[in-house]
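As a plain string of letters, each chain reads:
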Amino acid sequence: MQFIYLDNNATTQIDPRVLSTMLPFLKENFANPSSTHYFGTTVLEAIISARTQVADLIGADNKEIIFTSNATEAINIALKGVAENYSEKGKHIITVSTEHKAVLDTCKNLETKGYEVTYLPVQKSGLIDLDELKKSLRSDTILVSVMYVNNETGVIQPIKEIASLAHEIGALFMTDATQATGKIPINVDDIGIDLLSLSGHKMYASKGIGALYIRKGINLSAYTHGGGHENGLRSGTLNVPSIVALGKACEVAEQEMKQDAERIISLRNELECELLKIPDTFVNGSTENRIYNVSNICFKGCDASVMIGRMRNVAVSNGSACTSAVIEPSHVLAAMGLSNDNAFTSLRFSLGKFNTEAEIKTAIKTISELTKMMLGYA
Ligand code: PLP
């Protein structure tokens, strides 16, 4: 059976070129990059060049990049680091209700430590209202954190405008760009980004690696203490194979992003256009301000978790989370005003560069037949 993977926002298959770049660092190049002997310095050179590859992808300097174990850790380092180091200026943070849990739960943790967090609502489109943001900004706001691309809907927030509003009152601007890096061109200076998180396994590198961009001049407090690695912010021996993998993935993305995007958008459009022919279907979120690889579709009357379970050849996802045996609707779709019924019947399709036209055709057929059966008109 052909296995069709349309869940690339959850994780991606490693690019074979990335894999072959990292393998020597799991075998013969195993030395610690902190060691001063020849073997160590060879590995250190690979780390420096990976740091430059990551920096180049987002228009940063390599001194502004620290490696982390994933995007979640990068987000924790950024939010907690700003909170602690800028608390004399203020203790107010602004974020958005549709952020990934890595941001939302870190903010909740900060609330228990005396910080005040404003969770901006979103419109039906999934976009924030800039006037709401303007009203929420205060003299004691130290940080505005808004994700670049939403993982469930693909909605792209107007982050350049958001960054500029944050800067007008002297706050820092952080963006969780986990679903944007490697997919769309990003230049931290053009946009005005002060802090940015990214993740290797969302962009065809290995799992267990992420990075945080920290604009020169911004001081964060240390996240882990020890040998002073990563500018003293995250001590601990570096995950060399995965760092090299992330560097290579960034290099490949920079070179091939445009052509991948053109191919993926046409596959996504074909999939979406055909699936929307199924009665009572609609796309969740803005279709204008949306990344090219995602389609979040509501199939009214068809339980999404049942659909996922029944499809043996197509991997997609739904946003609902199972928390202490209670199934809750996706917090993203709920924030956009979807009813529980519509949220529970919504599926996220997230395409990647390894998907083919033949796979999309099979996925369309599988889903169309399944919904017919579930709606009782097969
Ligand atoms: N932010 C967004 C938007 C994500 O989609 C994810 C993962 O799904 C994360 C953060 C967390 O990434 P990681 O698995 O690297 O911790």
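Just so you know, these numbers come straight off a predicted model, no measurement behind them.

### A closer look at helix H3 (residues 71-85)
Okay, step 1: Given a rise of 1.5 Å per residue, 15 residues ought to cover 21 Å, and the 21 Å separating the end C-alpha atoms of H3 matches this to within 8%.
Okay, step 2: With respect to burial, H3 is a largely interior element, 11 of its 15 residues being buried.
Okay, step 3: For H3, the set of buried residues is Ala71, Glu73, Ala74, Ile75, Asn76, Ile77, Ala78, Leu79, Gly81, Val82 and Ala83.
Okay, step 4: A side-chain oxygen of the first residue of H3 lies 3.2 Å from the backbone nitrogen of Thr72; this N-cap is Asn70.

### Comments concerning the site of the ligand
Okay, step 1: Neighbouring residues of the ligand: Asn70, Ala71, Thr72, His100, Met147, Asn151, Asp176, Thr178, Gln179, Ser199, His201 and Lys202.
Okay, step 2: Asp176 has a polar side-chain atom sitting 2.6 Å from a nitrogen atom of the ligand.
Okay, step 3: Taking Lys202, its side chain carries an N or O atom lying 2.6 Å from an oxygen atom of the ligand.
Okay, step 4: In the complex, 89% of the free accessible area of the ligand, which totals 390 Å², lies under the protein chains.
Okay, step 5: Using a 2 Å cut-off from the grid points, one finds that the ligand occupies the second largest pocket.
Okay, step 6: Looking at the shell around the ligand residue by residue, the class counts come to two nonpolar, eight polar and two charged.

### A short note on the layout of surface pockets
To find leftover empty space, one rolls a probe the size of a water molecule over the atoms.
Okay, step 1: Roughly 210 Å³ of volume is contained in the second largest pocket.
Okay, step 2: If you trace the second largest pocket, you find 18 residues lining it, with Ala71, His100, Thr178, Gln179 and Lys202 closest to the centre.
Okay, step 3: Classifying every residue of the lining of the second largest pocket by side-chain character gives six nonpolar, nine polar and three charged.
Okay, step 4: Of the residues that make up the lining of the second largest pocket, three or more belong to each of domain 1 (4-12 + 256-375) and domain 2 (16-252).

### Details of the domain arrangement of the chain
Okay, step 1: Segmentation of the chain into domains returns domain 1 (4-12 + 256-375) and domain 2 (16-252).
Okay, step 2: The centre of domain 1, based on its C-alpha atoms, is set 27 Å off from the matching centre of domain 2.
Okay, step 3: Taken residue by residue, the interface counts 28 residues in domain 1 and 34 residues in domain 2.
Okay, step 4: When domain 1 packs against domain 2, the two sides together hide about 2600 Å² of surface, and 54% of this comes from carbon and sulfur.
Okay, step 5: Connecting domain 1 to domain 2 are one salt bridge.
Okay, step 6: The salt bridge involving Glu256 is made with Arg17; its shortest N-O contact spans 2.6 Å.
Okay, step 7: On the surface where domain 1 and domain 2 come into contact, there are 20 residue pairs in polar contact (both at pLDDT 80 or more).
Okay, step 8: Every element with two or more residues in the side of domain 1 that touches domain 2 is listed here: helix H8 (240-275), strand E10 (294-299) and helix H10 (331-335).
Okay, step 9: Here the side of domain 1 that touches domain 2 gets four residues from one element, more than from any other, and that element is H10.
Okay, step 10: Counted by class, the side of domain 1 that touches domain 2 contains 10 nonpolar, 14 polar and four charged residues.

### Let's talk about the pairing of strand E2 (residues 65-68)
Okay, step 1: In E2, alternate side chains face the same way, and those of Ile65 and Phe67 on one face and Ile66 and Thr68 on the other are all buried.
Okay, step 2: In the sheet, E2 pairs with strand E8 (residues 210-214) via four bridges, with the strands oriented antiparallel. When the bridges of E8 are listed, Phe67 appears paired with Ala211.

### What about the side chain of Glu152?
Okay, step 1: Within the secondary structure, Glu152 sits in the loop between strand E5 (141-145) and helix H6 (159-168).
Okay, step 2: Here Glu152 is buried and forms no salt bridge, its nearest opposite-charge partner Arg348 lying at an N-O distance of 6.4 Å.
Okay, step 3: Engagement of the side chain of Glu152 in a polar contact is seen with the side chain of Ser330, the distance being 2.7 Å.
Okay, step 4: Once you skip the residues sitting within four places of it in the chain, Glu152 turns out to touch Val294, Asn296, Gly319, Ser330, His331, Val332, Leu333 and Arg348.

### Description of the pattern of salt bridges
A side chain of one charge can pair with a side chain of the opposite charge if their charged atoms are brought near each other.
Okay, step 1: Enumeration according to the criterion identifies 19 salt bridges in this entry.
Okay, step 2: Between Glu230 and Arg51 there is a salt bridge; the shortest N-O distance is 2.8 Å. Here the residue Glu230 occupies a position in the loop between E8 and H8, and Arg51 occupies one in helix H2 (residues 38-57), the gap between them amounting to 179 residues. The same class applies to Glu230 and to Arg51, which are both buried.
Okay, step 3: The shortest N-O distance in the salt bridge between Glu369 and Lys365 comes to 3.4 Å. Of the two residues, Glu369 and Lys365 are both situated in helix H12 (residues 357-375); the distance of four residues between them amounts to about one turn of the helix.
Okay, step 4: Residue class for Lys365 comes out exposed when judged on its relative accessible area of 53%.

### Re the pairing of E8
Okay, step 1: In terms of residue burial, E8 counts as a mostly covered element, since five of its five residues are buried.
Okay, step 2: Side chains Gly210, Leu212 and Ile214 project from E8 onto one buried face, and the interleaved Ala211 and Tyr213 project onto a second face that is buried too.
Okay, step 3: With five bridges joining them, strand E7 (residues 195-199) and E8 adopt antiparallel strand pairing. Paired with Leu198 across the two strands is Ala211, which belongs to E8.

### Digging into a nonpolar patch on the surface
Okay, step 1: Together, Leu19, Leu23 and Leu26 give the surface a local cluster of nonpolar side chains, amounting to about 240 Å² of exposed area.
Okay, step 2: Turning to its location among the elements, Leu26 is positioned in the loop between helix H1 (16-22) and H2.

### With respect to the nonpolar core
Okay, step 1: Val144, Tyr148, Phe299 and Phe349 are the most contacted members of the largest nonpolar core, which totals 85 residues.
Okay, step 2: Broken down by element, the residue count for this core peaks at 12 residues, all from H8.
Okay, step 3: Built from parts of two domains, this core gets at least three residues from each of domain 1 (4-12 + 256-375) and domain 2 (16-252).
Okay, step 4: In this structure Phe349 touches Leu6, Leu271, Leu275, Asn293, Val294, Ser295, Ile297, Phe299, Val316 and Ile367, once residues within four positions along its chain are discounted.
Okay, step 5: Core analysis: the next-biggest nonpolar cluster, separate from the first, contains 25 residues, Ile75, Cys107, Ile214 and Ile218 among them.

Cut-offs and rules
- Residues numbered from 1 in each chain as written.
- Predicted model: local features only at pLDDT ≥ 70, side-chain atom pairs only at ≥ 80, totals over all residues.
- Heavy atoms only, no water.
- Helix = DSSP H or I, 4+ residues; strand = E, 2+ residues; numbered from the N terminus.
- Expected span 1.5 Å × (residues − 1).
- Buried < 20%, exposed > 50% of the residue type's maximum accessible area, 1.4 Å probe, protein only.
- Polar contact = N/O pair within 3.5 Å; in protein donor to acceptor, adjacent residues only side chain to side chain.
- Near = heavy atom within 4 Å.
- Areas by Shrake-Rupley, 256 points an atom, 1.4 Å probe, with all protein chains shown as cover.
- 1 Å grid on protein atoms, 1.4 Å probe; cavity = no way out; pocket = protein on both sides within 12 Å on 5 of 7 lines; lining within 4 Å.
- Sits in = over half its atoms within 2 Å of the grid points.
- Nonpolar A, V, L, I, M, F, W, Y, C, P; charged D, E, K, R; others polar.
- Points joined across faces, edges and corners; volume = space filled by probe spheres on them.
- Domains from an automatic or database assignment.
- Contact = heavy atoms within 4.5 Å.
- Buried area = accessible area lost by both parts, 1.4 Å probe.
- Salt bridge = Lys/Arg side-chain N within 4 Å of Asp/Glu carboxyl O.
- Pairing = 2+ DSSP bridges.
- Lys, Arg positive; Asp, Glu negative; His and termini not counted.
- Patch = residues over 30% accessible without salt bridge, like charges linked within 9 Å, V, L, I, M, F, W, Y side chains within 5 Å.
- Core = buried A, V, L, I, M, F, W, Y, C linked by side-chain atoms within 4.5 Å.

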